[in-house]
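Here is what each chain is made of, one letter per residue.
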Amino acid sequence: MEKIQILVTACCCAITITLFVCLWKVLNWVWFRPKKLEKLLRKQGLKGNSYRLLYGDMKDLSGMIKEANSKPMNLSDDITSRLVPFFLETIKKYGKKSFIWLGPKPQVLIMDPELIKEVFSKNYLYQKPHGNQFAELLVKGVSTYEEDKWAKHRKITNPAFHLEKLKHMLPAFHLSCSEMLSKWEDAVTVEGSCEIDVWPHLQQLTCDVISRTAFGSSYEKGRKIFELQREQAKHYIDAARSVNIPGWRFLPTKRSRRMKEIKNEVRTSIKGIIDKRMKAMKAGDADNEDLLGILLESNFKEIEQHGNKNFGMSIEEVIEECKLFYLAGQETTSVLLVWTLVLLSRYQDWQTQAREEVLQVFGSRKPDFDGLNHLKVVTMILYESLRLYSPLITHNREVTEDIVLGELSLPAGVLVSLPDSLLHHDKDIWGEDANKFNPERFREGIASATKGQVTYFPFSWGPRICIGQNFAMLEARMAVSMILQSFSFELSPSYTHAPQPILTIQPQYGAPLIFHKL
């Protein structure tokens, strides 16, 4: 009996200690550590709101975005008040050396070009945050990995994006653009004009391009995957604007259940494509000029060279890279194209200059690789479009160990934000016309426009610069050239200006333009 009592007492003590430890961890996470970090940041001259239990600034941040997106804005390229209203209010209130609270984690705004350069350069110290537990349900792949795993995946995926490989993809770019333009030509009468909402057409164009160049199939076969990934992206953004409670995604909420369903459905579809390709490769029947073929071949060579499959990617990892092809390859280029067309509709003089250049280089001929890479005016326009409507609002990083950044001492776990949208519209960097469309600023290239500083990074910067930027720019030059060869266009009276941050900056109410055949 005494032994049982001792055992019961021991169990009670163990349970009490466990509960106490758990309680301490929770209290430390939601209160003691955030208050300690706040004190440390303020001591260094950084300013921001006082920490509020669990939520921090999340309610205000989400509320201001919701309010900004509830109504359209005036036709202007000064769009930061709609994209990052809370960032703007924080800077207005506390200055550029400030921080905000994403739940219990402080996020320091980094606006100094030298510090931005250091953060991008030292990618082993400043890593992509993995705070949002729903992120892996959306996509993983090379853009989300760190250190050795990132280096391995980057090495294996690199060959797919070499310029020589991209040359072979031009016919797919041209075919997809031709199919879109033939629909527009059918809609526009010979002597008249027609209103076309170009946004869904450009989304389908970039989906079609990625389907053909990545998987050697058409948009129709990949359409379900794109639709599912778009829905997944919306769920992810909603989750990102909520407080990230550890383990929350494992609860059977409506959102987490749907996100898991989508993940499984997309995985099954892509695995089917990969299995079919690998079967064809073994039979010697595969065409390996598309991104998937090059990726599988590169992966096979890496394994063969080292004689160990651990040096290559698993099938699950290949699936994630394919999901990344779908998501990143389609999203970035479609938003670049839609804002470029909206800008050229408003600035007719630049549309005329761009058309004159395209006709001078190609006439009515099919655009070729060398010609596309020599389009100076078109490239200036694309760069300026990326500046004013950078696909991403901000690049966030998490400090992995206690470090010194400039004059700041940042402990491990603190977040830093490199806000593209604010920096790309900053008058201190770009001059008084920072919010005006002026491609002329890029006449001598990016280095000249930025005076050699890291103040322009639509495709990120440093070792982790976007692997697909040449792919995106080549596709955009092809699409813009072919549109300019066939049509003149202007903004429709029904156009409503409402850039909206989803994963990328998209037109909330579409982009209706009036087209005229040339």
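Our subject in this report is the structure included herewith. (Residues numbered from 1 in each chain as written. Predicted model: local features only at pLDDT ≥ 70, side-chain atom pairs only at ≥ 80, totals over all residues. Heavy atoms only, no water.)

Of note, Glu-38 is situated in helix α1 (residues 2-43). A residue is classified by how much of its surface remains accessible, and Glu-38, at 5% relative accessible area, is buried. A polar contact of 3.2 Å, which involves the side chain of Glu-38, links it to the backbone nitrogen of Tyr-51. Non-local contacts of Glu-38, meaning those with residues more than four positions away in its chain, are made with Asn-49, Ser-50, Tyr-51, Phe-99 and Trp-101. (Helix = DSSP H or I, 4+ residues; strand = E, 2+ residues; numbered from the N terminus. Buried < 20%, exposed > 50% of the residue type's maximum accessible area, 1.4 Å probe, protein only. Polar contact = N/O pair within 3.5 Å; in protein donor to acceptor, adjacent residues only side chain to side chain. Contact = heavy atoms within 4.5 Å.)

Looking now at the pairing of strand β12 (residues 512-517). The pairing of strand β4 (residues 193-197) with β12 spans 5 bridges and is classified as antiparallel. Within β12, the residue paired with Ile-196 across the bridge is Leu-513. Bridge count between strand β9 (residues 487-491) and β12: 5 bridges; the pairing is antiparallel. Along β12, the bridge assignment pairs Ser-488 with His-516. (Pairing = 2+ DSSP bridges.)

Moving on, we get to helix α9 (residues 170-187). Here α9 spans 26 Å end to end across 18 residues, near enough to the 26 Å set by a 1.5 Å rise per residue. Of the positions making up α9, those classed as buried are Leu-170, Ala-172, Phe-173, His-174, Ser-176, Cys-177, Met-180, Leu-181 and Trp-184. (Expected span 1.5 Å × (residues − 1).)

It is worth spelling out the packing of helix α13 (residues 291-306) against helix α14 (residues 315-346) at this point. It is at 11 Å that the axes of α13 and α14 come closest, and there the two elements cross at 150 degrees. One element, α13, and the other, α14, form an angle in the roughly antiparallel class. Between α13 and α14 lies a crossing whose hand is right-handed. Residues Leu-291, Leu-292, Leu-295, Leu-296 and Asn-299 of α13 form the contact with α14, whose own contacting residues are Val-318, Glu-321, Cys-322 and Phe-325. Among the residues making up the contact of α13 with α14, the classes are represented as 7 nonpolar, 1 polar and 1 charged. (Axes fitted to C-alpha atoms, helices over the stretch in contact; angles between N-to-C directions. Parallel < 35°, antiparallel > 145°, perpendicular 65-115°, else oblique. Left-handed = near helix turned anticlockwise from the far one by under 90°. Nonpolar A, V, L, I, M, F, W, Y, C, P; charged D, E, K, R; others polar.)

This paragraph deals with the packing of aromatic side chains. Counting across every chain of the model gives 18 aromatic pairs. The interplanar angle of 50 degrees and the centroid separation of 6.1 Å between the aromatic rings of Trp-430 and Phe-442 together place this pair among those described as tilted. With Trp-430 in helix α19 (residues 427-430) and Phe-442 in the loop between α19 and α20 (446-449), this residue pair connects regions lying 12 residues apart in the sequence. A network of ring pairs unites the aromatic residues Trp-31, Tyr-51, Phe-99 and Trp-101 as a single cluster. When the ring centre of Tyr-145 is taken as reference, the NZ or CZ atom of Lys-149 above it lies at 4.4 Å. (Phe/Tyr/Trp six-rings, centres within 6.5 Å; stacked < 30°, edge-to-face > 60°. Lys NZ or Arg CZ within 6 Å of the ring centre and 35° of its normal.)

Right, let's get into the sheet that holds β4. Strand order in the open sheet made by the 3 strands is β4-β12-β9, with antiparallel pairing throughout. Two strands close off the open sheet at either side, each with one partner strand: β4 and β9. Taken over all neighbouring pairs, the strand axes of this sheet differ in orientation by 35 degrees on average, direction set aside.

Once that is clear, we can look at the sheet that holds strand β8 (residues 415-418). One open sheet holds the 5 strands; their spatial order is β1-β2-β8-β5-β3, and the pairing between them is mixed. Each edge of the open sheet carries a strand with a single partner, namely β1 (99-102) and β3 (126-127). Across 4 bridges, strand β5 (residues 395-399) lies against β8 in antiparallel orientation. Paired with His-395 across the bridge in β8 is Leu-418. Along the sheet, helix α5 (residues 113-121) makes contact with β3, β5 and β8, crossing β8 at roughly 115 degrees.

Our next topic: the nonpolar core. One finds Val-108, Trp-184, Val-198, Leu-291, Leu-410, Phe-471 and Phe-515 to be the most contacted residues of the largest nonpolar core, which totals 133 residues. Ranked by the residues each element gives to this core, the list is headed by α14, at 14 residues. The contacts of Leu-291, once residues within four sequence positions are left out, are Ala-160, Phe-161, Met-169, Ile-210, Thr-213, Ala-214, Phe-325 and Phe-471. Counting 11 residues, the second-largest nonpolar core is a separate cluster that includes Val-142, Ile-237, Leu-324 and Leu-327. (Core = buried A, V, L, I, M, F, W, Y, C linked by side-chain atoms within 4.5 Å.)

Here Ala-240 shows up in helix α11 (residues 219-240). Here the alpha-carbon distance between Ala-240 and Leu-19, two residues 221 residues apart in the chain, equals 30 Å.

Our focus in this paragraph is the state of the cysteines. Taken as a whole, this structure holds 0 disulfides when the rule is applied. With no disulfide of its own, Cys-11 has Cys-12 as its nearest cysteine by sulfur position, at a separation of 7.0 Å. No disulfide involves Cys-22; its sulfur sits 16 Å from the nearest other cysteine sulfur, which is in Cys-13. We classify Cys-22 as partly exposed; its relative accessible area is 42%. (Disulfide = S-S within 2.5 Å.)

This paragraph deals with the pattern of salt bridges. Inspection of the entire model under this criterion finds 28 salt bridges. In this structure, Lys-122 and Glu-118 form a salt bridge, with 3.3 Å as the shortest nitrogen-oxygen distance. When its relative accessible area of 29% is taken as the criterion, Lys-122 is described as partly exposed. Its relative accessible area of 22% is what places Glu-118 among the partly exposed residues. Counted as one network, the salt bridges with shared partners bring together Glu-384, Arg-387, Asp-433 and Arg-441. (Salt bridge = Lys/Arg side-chain N within 4 Å of Asp/Glu carboxyl O.)

Running from amino to carboxyl end, α14 crosses helix α17 (residues 376-388) at an angle of 105 degrees, the nearest separation of the two axes being 9 Å. Taken together, the axes of α14 and α17 lie roughly perpendicular to each other. Taken together, the residues of α17 that come into contact with α14 (itself represented by Leu-336, Trp-339, Thr-340, Leu-343 and Leu-344) are Ile-381, Leu-382, Ser-385, Leu-386 and Leu-388. Taken together, the residues of the contact of α14 with α17 sort by class into 8 nonpolar, 2 polar and no charged.

The next thing to look at is helix α12 (residues 254-282). Relative to the 42 Å expected for 29 residues at 1.5 Å per residue, α12 spans 42 Å between its end C-alpha atoms, a close match to the ideal helical length. Along α12, the positions that sit buried rather than exposed are Ser-256, Met-259, Ile-262, Val-266, Ile-270, Ile-274 and Arg-277. The first or second residue beyond α12 is Gly-284, which carries a positive phi of 75 degrees.

With that settled, consider the pairing of strand β2 (residues 105-109). Along β2, 4 of the 5 residues are buried, which leaves the element largely enclosed by surrounding structure. By the bridge criterion, 4 bridges tie β1 to β2 in an arrangement that is antiparallel. Across the sheet, residue Ile-100 finds its bridge partner in β2, namely Gln-107. With antiparallel pairing between neighbouring strands as the criterion, β1 and β2 make up a hairpin whose turn holds 2 residues, including Gly-103 at a positive phi of roughly 65 degrees.

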